[in-house]
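Inside the fold
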There are 2 protein chains.
Amino acid sequence: MGGDHGPSVVVPAALKQLDREPELRIILVGDREVLERELKSCGRLGDDRLRVHHASQKVEMDEPPAQALRNKKDSSMRVAINLVKQGEAGACVSAGNTGALMATARYVLKTLPGVDRPAIITALPTITGHTHVLDLGANVDCSAEHLFQFAVMGSVLVAAVDGNARPRVGLLNIGEEAIKGNEQVKEAATLLSRSDAVNYIGYVEGDDIYKGSADVVVCDGFVGNVALKTSEGVARMISHFMRQEFTRNWLTRIAGLLALPVLRAFRHRVDPRRYNGASLVGLQGIVVKSHGSADELSFANAIQVARREAQKNVPERISHQLSSLLLERRAV
Amino acid sequence: MGGDHGPSVVVPAALKQLDREPELRIILVGDREVLERELKSCGRLGDDRLRVHHASQKVEMDEPPAQALRNKKDSSMRVAINLVKQGEAGACVSAGNTGALMATARYVLKTLPGVDRPAIITALPTITGHTHVLDLGANVDCSAEHLFQFAVMGSVLVAAVDGNARPRVGLLNIGEEAIKGNEQVKEAATLLSRSDAVNYIGYVEGDDIYKGSADVVVCDGFVGNVALKTSEGVARMISHFMRQEFTRNWLTRIAGLLALPVLRAFRHRVDPRRYNGASLVGLQGIVVKSHGSADELSFANAIQVARREAQKNVPERISHQLSSLLLERRAV
């Protein structure tokens, strides 16, 4: 029921993803009447891989997380996460209020043993393919130990979903020239260098994210959120300028028409919708957050992210890796 | 003598800028022999608005700042900053080692009264024009008071160089949805809301930088540096993809040729060289840092940044604003 567009996007996106993945089954959680109306208008009432689960409430996009947690025990968000907890669903996907989603997921599912704080991770495009960045805003202040745990979680997730046995993990830091980083980052670097749990490649800088220098980029949630939003801002400005230049006069418009197939191919490669779907990692269950403004294609991608993690049993793998780390530390 | 290319870029850039600005005079500081050879090869030995000031040493790009400060008392960097201190030069421009430049500038020029820490500020393009962001890496950990001072310095600088009487100042923060920011940012917001010294407009997010929502964006040096480098990374990836798509086959190459004037106009608008030149603010003198990899056009722009600040007497204006703030606080 969440996000900027609610069921009018989520329902067709779910149907699209069902068509793409023959093994997939989806439970739509929310106001039964609204959802069934939407399904009917798509002509898909009665699909046997799809069912509606009623929830009488809805978390508002600007609702304080604590309030949602206290007062919205039958919200679509809460009920969907409950289904994951009960094992009825393999994962939950939501375009709703991020803070409330994190708070509810943490409360209902609990963190994995060895995880102090869950984090938010997403894939981003690079020149050579893609990379994963975490944390993207769940934790504004992080200790070295938190950053270390993010590195382990990111590494396990990427190993599972990308089939990349030893993903290269970089720690986001600033200029080689200036004094290197803050205390937490320096200490996290020491922890990572000493551990065999991740394939730590050292510091990376902001521009390395898009060079594909690392498969996992680790940073605190404040820095990660700024990096992500700044990237969106740059990309939007560039596409704005491009549109402006191609629509300046009839000559440039003709040039734009002639270059249309190229511009389309180009746009496809940097299409942020293909990277929609950020995972809440470190929980005893899979929760994926879609961008609030997601359209059909975008939201379908978030479903795919969730499905992949469920297939690969990501929380279990993280738990396994972290418990062996805990044992190791105790042995030391 | 610094930067990736040294005098082979700096000298022609200086000459270019002299041609553009008839009132400008330039002192080239460094190895006299090298500089005169370069001038000769440009056919400009004996220009009366240009003189060479010999310096026997050079700070290496990877030299630790403390070492440069101790051992390189006759480096081109140190001597150029000395000239500013002595009033012989109105500003210093360098493409050299950032850490050493900041350390030397701080040591020789000293900070302005009321400034705890100098910061690095640069202009960045936006959809509607440009904005200024600080700090970009001089200070990795900042208190609320530091952020407040950055806001004042940025505001005064923009008011002076852009002739914008009440520049809008935003504090960089993360998502509206998540828990808002860290303690320092929240406290800085309180300080800024209470003060009349700046036209504080509230929190801005990473994507707001490029929307032009604020004329000055304030953040700590870690966050600012990551935002800047991430932006460079995104822009580089996008232009890489664009080039790839336009050179895919003969058809796309023809489309590229036909669209060339448009693509050129577009490239000009996002050309990072036009934004080269980051100022070290908060010092008793003007020092501008050029990107190490700057080419001629790029370095000439950094000279222009320095010249504009010198014309407007930016350090004096900052000092004036800060001392009236100090008086105000004492009165309270």
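It should be emphasised that the depicted structure is a prediction, and the values quoted were computed from it without experimental measurement.

**Regarding the domain arrangement of chain A**
Residues and elements named next belong to chain A. Domain annotation for chain A reports domain 1 (1-115 + 282-331) and domain 2 (121-275). The straight-line distance from the C-alpha centre of domain 1 to that of domain 2 is 24 Å. Approximately 1,600 Å² of surface area, both sides summed, lies buried where domain 1 meets domain 2, with 64% of it carried by carbon and sulfur atoms. Put simply, domain 1 and domain 2 have one salt bridge between them. Taking the shortest distance from any N to any O, the salt bridge between Asp295 and Arg273 comes out at 2.8 Å. Viewed at the interface, domain 2 and domain 1 are joined by three residue pairs in polar contact (both at pLDDT 80 or more).

**Some thoughts on the interface of chain B and chain A**
Counting from both sides, the interface comprises 59 residues of chain B and, opposite them, 58 residues of chain A. Buried area between chain B and chain A, both sides added, is near 5,200 Å², and the carbon and sulfur share of it is 73%. The partner of Arg236(A) in a salt bridge is Asp207(B), and the shortest N-O contact between them spans 3.8 Å. Put simply, chain B and chain A have eight residue pairs in polar contact (both at pLDDT 80 or more) between them. Every element with two or more residues in the side of chain B that touches chain A is listed here: helix H5 (98-109), helix H8 (208-211), helix H9 (221-246), helix H10 (250-258) and helix H11 (260-270) of chain B. Per-class residue counts for the side of chain B that touches chain A are 31 nonpolar, 18 polar and 10 charged.

**Comments concerning a nonpolar patch on the surface**
On the surface, Trp250(A), Leu251(A), Ile254(A), Leu258(A), Trp250(B), Leu251(B), Ile254(B) and Leu258(B) cluster together into a nonpolar patch covering about 920 Å² of accessible area. Mapped by element, the contributors of at least two residues to the nonpolar patch are helix H10 (250-258) of chain A together with H10 of chain B. In this structure Leu251(B) comes out as exposed when scored by relative accessible area, which is 55%.

**What to know about the pattern of salt bridges**
Under the counting rule described, the total for this entry stands at 36 salt bridges over all chains. Note that Lys16(A) is salt-bridged to Glu296(A), the shortest N-O span being 3.8 Å. Taken as a pair, Lys16(A) in helix H1 (residues 7-20) and Glu296(A) in helix H12 (residues 296-311) lie far apart in primary sequence, 280 residues in all. Using a relative accessible area of 28% as the deciding quantity, one classes Lys16(A) as partly exposed. For Glu296(A), a relative accessible area of 33% gives the class partly exposed. Notably, a salt bridge pairs Glu36(B) with Arg32(B), separated by 3.5 Å at the nearest N-O pair. Taken together, the positions of Glu36(B) and Arg32(B), both in helix H2 (residues 32-41) and four residues apart, correspond to about one turn of that helix.

**A word on the sheet that holds strand E9 (residues 278-281) of chain A**
To summarise the sheet geometry, strands pair through backbone hydrogen bonds and adopt either a parallel or an antiparallel arrangement. All names here are of chain A. Ordered by their spatial adjacency, eight strands build an open sheet running E3-E10-E9-E4-E5-E8-E6-E7, and the pairing between neighbours is mixed. Looking at strand neighbours, the two that pair on one side only are strand E3 (92-94) and strand E7 (199-204), the edges of this open sheet. Across the sheet, the mean angle from the axis of one strand to that of its neighbour is 25°, orientation sign disregarded. In terms of strand pairing, strand E6 (residues 168-172) meets strand E8 (residues 216-218) through three bridges, oriented parallel. Considered in E8, the bridge of Val169 is made with Val216.

**Regarding the relation of the copies chain B and chain A**
For the match of chain B to chain A, the screw axis carries a shift of 0.0 Å, the RMSD comes to 0.0 Å, and the turn is 180°. Accordingly, the operation relating the two chain copies is best matched by a two-fold axis. In this assembly, 98% of the residues forming the interface of chain B have copies in chain A that are likewise at the interface, indicating an isologous arrangement.

What counts, and where the lines are drawn
Residues numbered from 1 in each chain as written. Chains lettered and ligands numbered in written order. Predicted model: local features only at pLDDT ≥ 70, side-chain atom pairs only at ≥ 80, totals over all residues. Heavy atoms only, no water. Domains from an automatic or database assignment. Buried area = accessible area lost by both parts, 1.4 Å probe. Salt bridge = Lys/Arg side-chain N within 4 Å of Asp/Glu carboxyl O. Polar contact = N/O pair within 3.5 Å; in protein donor to acceptor, adjacent residues only side chain to side chain. Contact = heavy atoms within 4.5 Å. Helix = DSSP H or I, 4+ residues; strand = E, 2+ residues; numbered from the N terminus. Nonpolar A, V, L, I, M, F, W, Y, C, P; charged D, E, K, R; others polar. Patch = residues over 30% accessible without salt bridge, like charges linked within 9 Å, V, L, I, M, F, W, Y side chains within 5 Å. Areas by Shrake-Rupley, 256 points an atom, 1.4 Å probe, with all protein chains shown as cover. Buried < 20%, exposed > 50% of the residue type's maximum accessible area, 1.4 Å probe, protein only. Pairing = 2+ DSSP bridges. Axes fitted to C-alpha atoms, helices over the stretch in contact; angles between N-to-C directions. Least-squares fit on C-alpha atoms with pLDDT ≥ 70 in both.

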